[in-house]
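# Coordinate analysis (summary)
Here are the chains, one letter per residue:
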Amino acid sequence: MKEEKKKEKRWNRVDLVEHVQKEMGKETTKALAESAVGAVLDGLKVGIRKASTVQLIGFGTFRVVHRKARVGVNPKTGERLKIKASKSVRFAPGKGLKESL
C-alpha cells in the first residue's frame, strides 16, 4: 500500500492579502489590503537593511547573518569549490508565535 502524503497547505502573498482584507473589515478593498501588506514587507526590508535586526515583540526577530567564505564539494564530481562569503536573513520566532502553534 502506498502511504498518502499529507498535503501541506502553504500560504502565499494572495492568501495573506485576503486574510488582511477580512480582518480589516467589509469596507476594506483588496487593493487597500495589498497596499497594507506591501507596506509592512517594505518596512521589514528597510529595517533589516538599516539596522540589521527587526524585532516584533510577540512575533519574532529578523536579523542579518554573515556566512564566511568556505570550500565546498560538488557531490557528483567530488570537485572542490570556493563558496563566497554571503549575507542572509534569519528569523527567530518569539514566545507569542511559539505558543500559538
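Residues numbered from 1 in each chain as written. Predicted model: local features only at pLDDT ≥ 70, side-chain atom pairs only at ≥ 80, totals over all residues. Heavy atoms only, no water.

### Regarding the pattern of salt bridges
Counting across every chain of the model gives three salt bridges. Here Lys9 makes a salt bridge to Asp15, at a shortest N to O gap of 3.8 Å. Under the relative-accessibility criterion, Lys9 is labelled exposed at 62%. For Glu18, the salt bridge is made with Lys30, and the minimal N-O distance between the two is 3.6 Å. Taken together, the positions of Glu18 in helix 1 (residues 13-24) and Lys30 in helix 2 (residues 30-51) put the pair 12 residues apart, joining distant regions of the chain. (Salt bridge = Lys/Arg side-chain N within 4 Å of Asp/Glu carboxyl O. Buried < 20%, exposed > 50% of the residue type's maximum accessible area, 1.4 Å probe, protein only. Helix = DSSP H or I, 4+ residues; strand = E, 2+ residues; numbered from the N terminus.)

### A few points about the layout of surface pockets
A volume near 220 Å³ is recorded for the largest pocket. Considering the residues around the largest pocket, the lining is formed by Leu16, Val20, Ala36, Val37, Val40, Leu41, Leu44, Leu56, Phe59 and Phe62. Elements that contribute at least two residues to the lining of the largest pocket include exactly helix 1 and helix 2. Partitioned by chemical class, the residues of the lining of the largest pocket number 10 nonpolar, no polar and no charged. (1 Å grid on protein atoms, 1.4 Å probe; cavity = no way out; pocket = protein on both sides within 12 Å on 5 of 7 lines; lining within 4 Å. Points joined across faces, edges and corners; volume = space filled by probe spheres on them. Nonpolar A, V, L, I, M, F, W, Y, C, P; charged D, E, K, R; others polar.)

### What about the pairing of strand 3 (residues 70-73)?
Direction of pairing for strand 3 relative to strand 4 (residues 80-83): antiparallel, over a ladder of four bridges. Paired with Val73 across the two strands is Arg80, which belongs to strand 4. Where strand 3 folds back on strand 4, the antiparallel hairpin that results is connected by six residues, among which Gly78 adopts a positive phi of roughly 80°. (Pairing = 2+ DSSP bridges.)

### Observations regarding helix 2
With 22 residues, helix 2 extends 31 Å from end C-alpha to end C-alpha; this agrees with the ideal 32 Å at 1.5 Å per step. For helix 2, the set of buried residues is Ala33, Val37, Gly38, Leu44, Gly47 and Ile48. Among the residues trailing helix 2, Ser52 stands out with phi positive, at a value near 65°. (Expected span 1.5 Å × (residues − 1).)

### Description of the sheet that holds strand 2 (residues 60-67)
Adjacent strands of a sheet pair through backbone hydrogen bonds, lying either parallel or antiparallel. Pairing in this open sheet of three strands is antiparallel, and the strands run 1-2-5 from one edge to the other. Of all strands in the sheet, those bounded by a partner on one side alone are strand 1 (53-56) and strand 5 (86-93). On average, each strand axis in the sheet is inclined to that of its neighbour by 25°, with strand direction left out of account. Pairing analysis gives four bridges linking strand 1 to strand 2, with the strands arranged antiparallel. Each bridged residue has a counterpart across the sheet, and for Val54 the counterpart in strand 2 is Phe62. (Axes fitted to C-alpha atoms, helices over the stretch in contact; angles between N-to-C directions.)

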